[in-house]
There are 2 protein chains.
Amino acid sequence: RIALPVFASDMLSSVTYATQEILVFLSLGGLAYLYLTPWLAGAVILLLLVVVASYRQLVRAYPTGGGDYEVASKNIGQPAGLTVASALLVDYVLTVAVSVSAGVDNLISAVPSLDSSRVLLAVLAVLLLTAVNLRGLRESGTAFAIPTYAFISIVLLLILWGLVKIVAGDPPVAESAHYTIDPEKTHIAGFALVFFVLRAFSSGCTALTGVEAIANGVPAFRKPKIANARKTLLAMAVLSMAMFGGITALAMKAKVHYVDPADSCDLGGFDCTTQVQRTVIAQVGKAVFGQSVFFYLLIAAAALILVLAANTAFNGFPLLGSVLAQDRFLPRQLHTRGDRLVFSNGILVLAGFAILLIVAFDASVTRLIQLYIVGVFTSFTLGQTGMVRHWNRELTTEQDSTARSHIRRSRVINFIGAVSTGTVLVIVLITKFLAGAYIVCIAMPVIYALMRAINKHYESVAAELEPDDGYESMLPSRTHAIVLVSRIHKPTLRALNYARAARPSTLEAVTVGVDAEETAHLQSEWDRRGLPVPLKVLDSPFREVTAPIVRYVRAIRRSSPRDVVAVYIPEYVVGHWWEQLLHNQSALRLKTRLLFTQGVMVISVPWQLKSSEELEARVVQAHKERVKAAIASGIIPPPPGKDDGGVAATVPAKDPR
Amino acid sequence: RIALPVFASDMLSSVTYATQEILVFLSLGGLAYLYLTPWLAGAVILLLLVVVASYRQLVRAYPTGGGDYEVASKNIGQPAGLTVASALLVDYVLTVAVSVSAGVDNLISAVPSLDSSRVLLAVLAVLLLTAVNLRGLRESGTAFAIPTYAFISIVLLLILWGLVKIVAGDPPVAESAHYTIDPEKTHIAGFALVFFVLRAFSSGCTALTGVEAIANGVPAFRKPKIANARKTLLAMAVLSMAMFGGITALAMKAKVHYVDPADSCDLGGFDCTTQVQRTVIAQVGKAVFGQSVFFYLLIAAAALILVLAANTAFNGFPLLGSVLAQDRFLPRQLHTRGDRLVFSNGILVLAGFAILLIVAFDASVTRLIQLYIVGVFTSFTLGQTGMVRHWNRELTTEQDSTARSHIRRSRVINFIGAVSTGTVLVIVLITKFLAGAYIVCIAMPVIYALMRAINKHYESVAAELEPDDGYESMLPSRTHAIVLVSRIHKPTLRALNYARAARPSTLEAVTVGVDAEETAHLQSEWDRRGLPVPLKVLDSPFREVTAPIVRYVRAIRRSSPRDVVAVYIPEYVVGHWWEQLLHNQSALRLKTRLLFTQGVMVISVPWQLKSSEELEARVVQAHKERVKAAIASGIIPPPPGKDDGGVAATVPAKDPR
Ligand SMILES: [K+]
Ligand SMILES: [K+]
Ligand SMILES: [K+]
Ligand SMILES: [K+]
Ligand SMILES: [K+]
Ligand SMILES: [K+]
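Residues numbered from 1 in each chain as written. Chains lettered and ligands numbered in written order. Predicted model: local features only at pLDDT ≥ 70, side-chain atom pairs only at ≥ 80, totals over all residues. Heavy atoms only, no water.

A. The overall build of chain A, seen in detail. Secondary structure assignment for chain A yields 21 helices and seven strands. Counting only C-alpha atoms and orienting by the principal axes, one finds that chain A spans roughly 105 × 65 × 50 Å. Here chain A holds 657 residues, and the buried ones make up 57% of them. When contacts within chain A are restricted to residue pairs at least 6 apart in sequence, those whose partners lie at least 24 apart make up 82%. Surface exposure of chain A reaches about 26600 Å², of which carbon and sulfur atoms provide 64%. A gap of 6 Å separates the mean positions of the 59 positive and 47 negative side-chain charges of chain A. (Helix = DSSP H or I, 4+ residues; strand = E, 2+ residues; numbered from the N terminus. Buried < 20%, exposed > 50% of the residue type's maximum accessible area, 1.4 Å probe, protein only. Contact = heavy atoms within 4.5 Å. Areas by Shrake-Rupley, 256 points an atom, 1.4 Å probe, with all protein chains shown as cover. Lys, Arg positive; Asp, Glu negative; His and termini not counted. Charge placed at Lys NZ, Arg CZ, Asp CG, Glu CD.)

Right under this line is the structure:
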């Protein structure tokens, strides 16, 4: 069996709206141009074949999951790689916006009264996905498999049943078959006609969105990964073509008349004030199945696979962020996998932009798709171009003639891929620019510039931190330790004890005399207890705490610049965020300020309050569950050895100096 | 000369609205009851005398600036003190809301076209005060003195000029003299009449708001502080009485007819659709001065002193917070004076609630005052009751008969003060409860409960931290040092050097093997440089960083529980917030997690990036300027010695163990 489900939903879900988008743009010319539908669908299917063939080459050459980003970076260069990365980040946002909007459209096709809450429903769906993913979805392969296979089955059944009905002489008739369409322009000719046809073709190319997701998913396939990934690609291509072709054919046969919902009042015979256009797939379903349970199953499966498609973006977006972070184009902490906080940030960013787009475009699939295809085809074109270069380079080293002919064949495939997707990209840019593609053309360079700036910053810091030779032998002469004291309690005493155990060159306790009475009390208590460390009181004429300590540390450093000053700060560790507000605030500020001082190290000596133990237990438990869930869902492999991650407590050899 | 200005504005500004509030409530009975005005004004003046006499006793007995809070706490008990504190916190918020709203009303009296932006103007004024105070106002005494003296002068001139005109046989006539007022109820008698009169009296009592501010300001007076504070109180009382009495008399004489602006359409002869009622003080001013420059000076002075009154709350609110924090009723960090961040929080909280009230009550002075007086009179009553108890206690110890008779006299004064303010408080609660006072009656207990909860938390933590005897001798046996390493650069090498200089019992470098390639590279670089510390690689099957380190530290502790583990973490110190996002995030998380572990100390070894130096310079400069400004405005005394706060760099004696 082939590992379809996880990545399949993004690609397969495209068939729910691709036919419709061709019809929307052809119907702008009235009923006259609908005859072009099969031609355009055929062109899209051809393009899909070319792209899938191209990706089958790519997957074999770059099985590490870097996808188009890796291919473009390695073969064309950093700017191309970053362009692909920008395109993919945009792509993920639009995958969510488009899929959710299309899902809501299908839902409305079954329950038309929901039409007035279209945008709200889409936003709620995004929020739901966000919550589920923030919570840490325990998705198993099966959870994805069932709706995916259900969708494939019901669509194939739809096509089959439709064919049976046609053969039986009872062809399906859509509810919109008798509607008439007033054309936008009565007469289209010459260049306008070319533009008109290409614009409809561009929108149909949305059938290809999701192919790029496979290339990023190779590592998740079962072994042999490459072979499985290639087989999956082929299977999905065949399925996609069959489903897209079948739906389009049935829509033609049943005379589905569909216009952009924004223009539905132009539809003759349709009362746009009381009725809602069903999606094309819903209309085909109704025409074939009638308003039977199969119709509702079809709608449910379509809506569900669209939600799954949106969900894949919630996995892919943070993952791409992680790859970009590893290459220092995004903040480094995004690289750390299994870090919930970071993934949360990625999820929130993705959801935020998706909601922004949904609201800005009224959850209109037609309008959102004009943005969607730009990013996808940018990625296609640069990835395939990279592949051509890759094969060129291979040819310079490869000697074996069979291998060389293999490479030449692959190069031809990727060349055709690059040229055709590049052509489509140009067509998309020309026909969709003013309709929304310009937004992506602004967003991508902005993202690009941001990533470049982050990278530059990291590079300049790395240069600044490059150690000079011999730096490692510049040891400080002595360590002066000071323990900050405000009152005598267990945390203070622990800090004193730790400091004494470390045997510094000098050691003293330091307090800031903000309040004369408190200071006198501290001093007498200090003497009463006979603490074996001298207590130094710093004047604070302005009743500040931080400034006198910083000045004192500076003074010590000034008088012995080759030494290091170790500042011990007793800290409470608390279990609740509100406790954090009640404690440690001045310690926190002081630490921040001290770290700006040369020749200082700041030592936090924690005292764990009882309330902290609960929190610690919760954190440990949550971590264990997260790891378990990640293993269960196959995101990370099971541990090689014992539960403690294979770390043995080997206390290192004594005094390594 | 007497140090009037800083606290004077709060008290003196009350005369701009007190007369008006009496008129508003009497006019609800039509013109019939306006004859009561002088009687009510007389009662208010009498009450003012009583309260000021009471406060003159309080100031002498408690010159430390704790005011009613201190008196109530020490003499009645913590609940009473906390009640006063809650009342005062509410009082500050309302001082801002009322003063700003009244100021805007006066501004509108001069420029009626601004009436449509009343709420907006009030909110903008609060935001302006917020910004100025956040910025760190460099107020000098003079800046406050000029408007205060200007206000006193122009009001006294107003009264004098009014008298001259009356004597000259040309009495002032208000623009509203010919307006008629439809009474709310045509016939008021019995209990309803009592309620009616007392309600008007309650509102007139707003003339007393601000007296309580003096008691908190004693420490800021010139020496002899107590004598000066008492003199100031007396002078302000005389001035207030004269101004309030004079304005009220002139308003009567000029037949000012004024109703709640919300009901201005009920005013016969007044076109509420095109006209705006001027404030009472503005109407008196216009009647006396005509629309001359003196009229505009009066309005300007009134508006300005109201803004100053609001500003005193911006100083007083954080200051009271500081006192409450010292007593552990608010987060401790609020105590630290000169701490900008904390004062900023206080300022923002004050501004936020003031804006909330202004918006909720449409910047209506009349409605806000019904809330205002509750807090003020709660504070009065409990303060004076505390004083009676204070004198009772004094009598039990005092033997000298002259002193005893002095104390008895003081006790009588405070007793009268307590009884009369208590009576007024009851009147206020009865007559104003439903009109808004109930909000304060909800807010105060909420604040009270919050402060109790905070206090309880601090007490339970203090008990938890109380050191057992002998705790100070429980020294750890050995110190195991580990230095966390991810790459070899200057920060890492510095951390290694500092750790080596500290001569721990054992020392090793530790890295987490997230990426095999990176780890191998680190290991070979480590060997190449011949670093004299062993490098330990921790497995990380789940590609985590934090968990393996925490587990390793725990393992060390388990194998030697009496030792302490010192974890050295190299950190970058950066100059911009966005750099902070790009660095140190995993270090921060790791530190937080490690601090939850028993027997660990976490050592931050900072490496200052170049960008940090600028920030440090800015911080130091800002601090210097803040101190300078605080000295200039007399908030803190000038430093006793040198610029460095008197700290000399005395490196302590060697090895104190
Ligand atoms: K597809
Ligand atoms: K898709
Ligand atoms: K996609
Ligand atoms: K007053
Ligand atoms: K006041
Ligand atoms: K006040």
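Moving on from the coordinates now.
B. Representation of helix α12 (residues 293-326) of chain A within the structure. All names here are of chain A. Here α12 is 34 residues long and its end C-alpha atoms lie 50 Å apart, about the 50 Å a rise of 1.5 Å per residue gives. The N-terminus of α12 is capped by Ser 292, whose side-chain oxygen sits 3.2 Å from the backbone nitrogen of Phe 294. Looking one or two residues past α12, Arg 328 carries a phi angle of roughly 70°, positive in sign. (Expected span 1.5 Å × (residues − 1). Polar contact = N/O pair within 3.5 Å; in protein donor to acceptor, adjacent residues only side chain to side chain.)

C. How the structure looks around the environment of Ala282(B). In this fold, Ala282(B) is placed in helix α11 (residues 280-289). In this structure, the C-alpha to C-alpha distance between Ala282(B) and Gly375(B), residues 93 residues apart in sequence, is 28 Å.

D. Spatial organisation of helix α4 (residues 67-75) of chain B. In terms of burial, α4(B) is largely enclosed, as seven of its nine residues are buried. Among all positions of α4(B), only Gly67(B), Asp68(B), Tyr69(B), Glu70(B), Val71(B), Ala72(B) and Asn75(B) are buried.

E. The state of the cysteines, seen in detail. Residue and element names in this part refer to chain A. Summed over the entire model, instances satisfying the criterion amount to two disulfides over all chains. Paired through a disulfide, Cys 265 and Cys 272 show a sulfur-sulfur distance of 1.9 Å. Handedness here is read from the sign of the S-S torsion; for Cys 265 and Cys 272, about 95°, the answer is right-handed. With no disulfide of its own, Cys 205 has Cys 441 as its nearest cysteine by sulfur position, at a separation of 16 Å. We classify Cys 205 as buried; its relative accessible area is 0%. (Disulfide = S-S within 2.5 Å.)

F. Up close: the pattern of salt bridges. All names here are of chain B. Counted according to the given criterion, the structure contains 18 salt bridges over all chains. The partner of Lys 74 in a salt bridge is Glu 70, with the nearest N and O atoms 2.9 Å apart. In this pair, Lys 74 and Glu 70 both sit in helix α4, four residues apart, roughly one turn of the helix. Residues Arg 528 and Glu 525 are paired through a salt bridge, measuring 3.2 Å at the closest nitrogen-oxygen approach. (Salt bridge = Lys/Arg side-chain N within 4 Å of Asp/Glu carboxyl O.)

G. Looking closely at the sheet that holds strand β6 (residues 564-573) of chain B. With mixed pairing, the ten strands of this open sheet are ordered in space as β5(A)-β4(A)-β3(A)-β6(A)-β7(A)-β7(B)-β6(B)-β3(B)-β4(B)-β5(B). Every other strand in the sheet has two partners, leaving β5 (535-539) of chain A together with β5 (535-539) of chain B as the edge strands with one partner each. Ignoring which end each strand starts from, the neighbouring axes of this sheet average 30° apart. Summarising the sheet, strand β4 (residues 506-513) of chain B and β5(B) pair through five bridges and their orientation is parallel. Its bridge partner lying in β5(B), Val510(B) is registered against Lys536(B). (Pairing = 2+ DSSP bridges. Axes fitted to C-alpha atoms, helices over the stretch in contact; angles between N-to-C directions.)

H. Representation of the coordination of the potassium ion (ligand 3). Residues and elements named next belong to chain A. Around the potassium ion (ligand 3), the protein contributes the donor atoms Asp 10 (OD), Thr 95 (OG1), Glu 212 (OE) and Tyr 372 (OH), at 2.8 to 3.0 Å from the metal centre. Along the chain, the residues donating to the potassium ion (ligand 3) are arranged with the sequence spacing D-x84-T-x116-E-x159-Y. In this structure, the potassium ion (ligand 3) is positioned 4.5 Å from the potassium ion (ligand 2), and both are ligated by Asp 10. Of this pair, Thr 95 sits in helix α5 (residues 78-110) while Glu 212 sits in helix α9 (residues 211-215), placing them 117 residues apart in sequence. Taking relative accessible area as the criterion, Thr 95 reaches 2% and is therefore assigned buried. (Donors = N, O, S within 2.8 Å, 3.2 Å for Na, K, Ca; no water.)

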